Amino acid sequence: MMARWFASLEVAHQVRGRVRFRYRCDAGVRLQARALQRAVEGLRGVRGARLNPRARSLVIEFAAAETGVEQLAAAVSALSPATVPAAVAPGAGGDAADAARLRAVALSAANLLASRALGAGLQAPMALGVAVPLLGEAVDDFREQGVTSHVLEALAVAISIGRRDYLAANTTSFLLALGEYLEHSIQRRSDDLLKHLLEPASGEVWVERDGAECRVDAGELRMGDTVIAATGTVVPVDGTVLGGEAMINEATMTGESVPVARRRGDRVLSGTVVAEGRLRIYAEHVGAQAAAARIADFVERSLAAKSRTQLEASRMADRLVPMVLGLAVGTWALSRDWRRVAAVLQADYSCALKLSTPVAFKAAMYRAGRAGMLVKGADALERLAEADTFVFDKTGTLTSGHLQVTDSVAFRPDFSSADLINLAASVEEHYFHPLALAVVEASRRLDKPQHFDHKEVEFIVAHGVASVIDGKRIVVGSRHFVEDDEGIDLAAHGALIERLHEEGKTLLYIGFGGEPLGVLALRDSLRANSADTVQRLRRLGVKRVLMLTGDHPARAAAMAGALGLDGFHAGLLPHDKARLLQELADDGAQVAFIGDGVNDAPALSGAHVGISMHQGADIARLASDIALLEDDIARVADARALAMATGRLIKSNFRLTVGLNTAILSAAALGLLSPVSASVLHNGSTIAILLRALLGAGLPRVGRGKNGGVSGRV
């Protein structure tokens, strides 16, 4: 039987167009507040919904002409996690809620404009009628949470009506309705910014099956399918190009609008667009496992996650509400002036403190996504700003991760170094291992690339490849494969092999006709901007920058010196990385770890904040807190700069909120502001602070600078 969210649902309170339910969940049911709220907002006739998990309360605003309480109770009771996609059209619930708030603004505005023309007998019921939703929500809030900002606002309106100051009551109702509409619109806008970073593939796609091309639904794609992506189509899978050539627009993944060339052996990601050309792609990740779908999932989870700063701001706002109420009581005790009391109750710290922090984080996360960095939650940015020690895994981070052939040494005089490369490339060209791709690329760069005809290639997992050329068996692979499995003696060349090893190079051995033919040496090249990135991190307040590697100590020392690192650990085994990070943490360091391999996953998940490189393994990207969407180490410093700028924005918004509202409260208590003036100043300043957060005042801009980083102050 399909699990439902609610075990029981009962009506706690209702008025026309509004109902509050009390609910109970079955044991083991994990309530997804955002998903459930969107599901309810998508039901017929619902204009808005508000879920309070702590009070186990669900408030629904609805059109009485379209639905009723009994129908809503039945529809809500039937909801389950599995029904959400069918129940909710993207954006429908949010649009309906915004429309309901906009109608409330229009109604209160019309009442305000008409109030002077109404007779004395009509002003009171009209003012009270417009204020009923506000008063009802205040009663619900008081029952569920005690004194809140809504309770204070309702008290201010009630006092104005009681004093027969209908202009103040109507003006306050209008400003509160307008403020709520703008605040929720700004908050939803910040959510939409993140949600629209990527649009996962849907609809029909072309695949090659049984030698023929056919169209299938995107949901029917399987790992191992050969997918066809032509000009104008969205790449529906993550995979490797089998054939063809195309220009790919990767703006959705990297933020870079200039198309890049992709050809055989290159990786492509779902969500990118074929600007020109045609590709045959081997599907490695499809559906929910594809990059676009995973990122959409990360974004959805990040919207619900709250950072420590956000929680602290929310708690402080809750603590300050009773203080405002106390100030109102004190003002009445000293002045006996209800007008002053109503003015004091207009201003509080709650909305700006509670909303500006998450809006600022979401604006920063959106900018990060546009700049090629996926931040999996506000707390990740927060922890990145706190990090004082950055630890880089060497391969694929400080180095490019792309191997290049540096030496080609033939052991026989009848074969040149170019012959050796061409021979190896001829049998490696059907293999997508990084070593094979590097050898094929080296052959392409030769003055006279040559292809040797060969029989069917045999792939030996984790060892190498073998085939037959001119009736002789050729093997290309590891020393263990060539020497132990194939019985080819390499002892005569031990000194050369040892020297290449000490230089930190990866060796590929070649045997031909049962004899050693030669060795190819490959090495990962240092990224051109690694040193610049290290220096930027220092300017951004990082105290130490370290490197971890399994490389030879002499090679590691030379690299650390060239980059200006504070230290390194060489000759490491995979499990050593997590242990070293734990030792650093035990010494008080807040560690940011940057890695890309399968064996980096424990270190990425165990660090204070983990950052995975674009070309990294899937498990590394899943284990990290921040995943780079393009292959550029400068994004690490960009992420740090963005995290610190976000912290500054939040702190400045906090100071503005406290300063402005304290000034408004003080002036109101002293009788310098009327209730209308206090409401205008409070709501206006709150909206201004939220807009400042949404626009990301002071955050680095998304556009690239000359060195490839995001431009802006660091």
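Calculation rules
Residues numbered from 1 in each chain as written. Predicted model: local features only at pLDDT ≥ 70, side-chain atom pairs only at ≥ 80, totals over all residues. Heavy atoms only, no water. Helix = DSSP H or I, 4+ residues; strand = E, 2+ residues; numbered from the N terminus. Buried < 20%, exposed > 50% of the residue type's maximum accessible area, 1.4 Å probe, protein only. Areas by Shrake-Rupley, 256 points an atom, 1.4 Å probe, with all protein chains shown as cover. Core = buried A, V, L, I, M, F, W, Y, C linked by side-chain atoms within 4.5 Å. Contact = heavy atoms within 4.5 Å. Phe/Tyr/Trp six-rings, centres within 6.5 Å; stacked < 30°, edge-to-face > 60°. Pairing = 2+ DSSP bridges. Salt bridge = Lys/Arg side-chain N within 4 Å of Asp/Glu carboxyl O. Axes fitted to C-alpha atoms, helices over the stretch in contact; angles between N-to-C directions. Parallel < 35°, antiparallel > 145°, perpendicular 65-115°, else oblique. Left-handed = near helix turned anticlockwise from the far one by under 90°. Nonpolar A, V, L, I, M, F, W, Y, C, P; charged D, E, K, R; others polar.

**Side note on the overall build of the chain**
Here's step 1: Helix and strand content of the chain: 25 helices and 24 strands.
Here's step 2: For the chain, with 714 residues in total, the buried portion stands at 50%.
Here's step 3: Just so you have it, the chain exposes about 31,500 Å², and 55% of that area is on carbon and sulfur atoms.

**Here's the deal with the nonpolar core**
Here's step 1: Core analysis: the biggest nonpolar cluster contains 48 residues, and Leu384, Phe390, Phe392, Leu565 and Val636 have the highest contact counts within it.
Here's step 2: If you tally residues by element for this core, the top one is helix H24 (residues 634-669), at nine residues.
Here's step 3: Filtering out sequence-adjacent residues up to four positions away, Leu384 remains in contact with Phe390, Val609, Ile611, Ile626, Ala639, Arg640 and Ala643.
Here's step 4: Ile421, Phe452, Ile474 and Phe512 belong to the second largest nonpolar core, which has 25 residues in total.

**Quick look at the packing of aromatic side chains**
Here's step 1: Applying the stated criterion across every chain, the model contains two aromatic pairs.
Here's step 2: For the ring pair Trp332 and Trp338, a centre distance of 5.5 Å and an interplane angle of 40° mean the geometry is tilted.
Here's step 3: Accessibility expressed as a relative area gives 30% for Trp332, which makes it partly exposed.
Here's step 4: By relative accessible area, which is 41% here, Trp338 ends up partly exposed.

**A few points about unusual backbone geometry**
Here's step 1: Located in the positive-phi region is Arg336, a residue other than glycine, with phi close to 55°.
Here's step 2: Here Arg336 shows up in the loop between helix H10 (308-335) and helix H11 (338-344).
Here's step 3: A positive phi is found at Asp470, a non-glycine position, where the angle reads about 55°.
Here's step 4: Tracing the chain through its elements places Asp470 in the loop between strand E16 (464-469) and strand E17 (472-477).
Here's step 5: Using a relative accessible area of 73% as the deciding quantity, one classes Asp470 as exposed.

**Examining the environment of Leu58**
Here's step 1: Following the sequence through the fold, Leu58 ends up in strand E4 (residues 57-62).
Here's step 2: Given a relative accessible area of 0%, Leu58 falls into the buried group.
Here's step 3: Between the C-alpha atoms of Leu58 and Gln37, which are 21 residues apart in sequence, the distance is 8.8 Å.
Here's step 4: Not counting residues up to four positions away in its chain, the partners in contact with Leu58 are Phe6, Val19, Arg20, Phe21, Tyr23, Val40, Arg50, Leu51 and Val76.

**Overview of the pairing of strand E6 (residues 212-217)**
Here's step 1: Alignment of strand E5 (residues 204-209) against E6, held across six bridges, turns out to be antiparallel. Residue pairing in the sheet places Arg209 in a bridge with Ala212 of E6.
Here's step 2: A loop of two residues connects E5 with E6, the two strands running antiparallel in sequence, and Asp210 in this loop sits at a positive phi of about 55°.

**Some words on the pattern of salt bridges**
Here's step 1: Evaluated as defined, the whole model comprises 22 salt bridges.
Here's step 2: In this structure, Arg340 engages Asp337 in a salt bridge whose closest nitrogen and oxygen atoms are separated by 3.9 Å.
Here's step 3: Of the residues examined, Arg340 reaches a relative accessible area of 26% and is grouped as partly exposed.
Here's step 4: Take Asp337: its relative accessible area is 25%, and that puts it in the partly exposed class.
Here's step 5: Across the pair Asp638 and Arg536 runs a salt bridge whose closest N-O atoms are separated by 2.8 Å.

**Observations regarding the sheet that holds strand E22 (residues 591-595)**
Here's step 1: Spatially, E12-E24-E23-E22-E13-E20-E21 is the arrangement adopted by the seven strands of the open sheet, whose pairing is mixed. Among the strands making up the open sheet, the edge pair consists of strand E12 (373-375) and strand E21 (567-569). The average undirected angle you get between the axes of adjacent strands in this sheet is 20°.
Here's step 2: In this sheet, strand E23 (residues 609-612) lies alongside E22 in parallel orientation, the contact comprising four bridges. Bridged to Gly595 within E23 is Ser612.

**Focus on the environment of Ser270**
Here's step 1: Turning to its location among the elements, Ser270 is positioned in the loop between strand E10 (267-268) and strand E11 (273-285).
Here's step 2: The class of Ser270 is buried, set by a relative accessible area of 2%.
Here's step 3: Placed 31 residues apart in sequence, Ser270 and Gly239 show a C-alpha to C-alpha distance of 8.4 Å.

**Some points on the sheet that holds strand E1 (residues 8-15)**
Here's step 1: A sheet is described by the order of its strands in space; here four strands give the open sequence E1-E2-E4-E3, paired in antiparallel fashion. The open sheet has two edge strands, E1 and strand E3 (46-52), and neither has a second partner. Going across the sheet, the axis of each strand differs from the next one's by a mean of 20°, ignoring polarity.
Here's step 2: Direction of pairing for E3 relative to E4: antiparallel, over a ladder of six bridges.

**Some points on the packing of helix H15 (residues 417-428) against helix H16 (residues 434-444)**
Here's step 1: Taken N-terminus to C-terminus, the directions of H15 and H16 make an angle of 130°; their axes are 8 Å apart at the nearest point. Judged by the angle between their axes, H15 and H16 are oblique. Like other packed secondary-structure pairs, H15 and H16 cross with a definite hand, here left-handed. On H16, the residues touching Ile421, Asn422, Ala424, Ala425 and Glu428 of H15 are Ala436, Val439, Val440, Ala442 and Ser443.
Here's step 2: Each residue belonging to the contact of H15 with H16 can be placed in one class, and the counts come to seven nonpolar, two polar and one charged.

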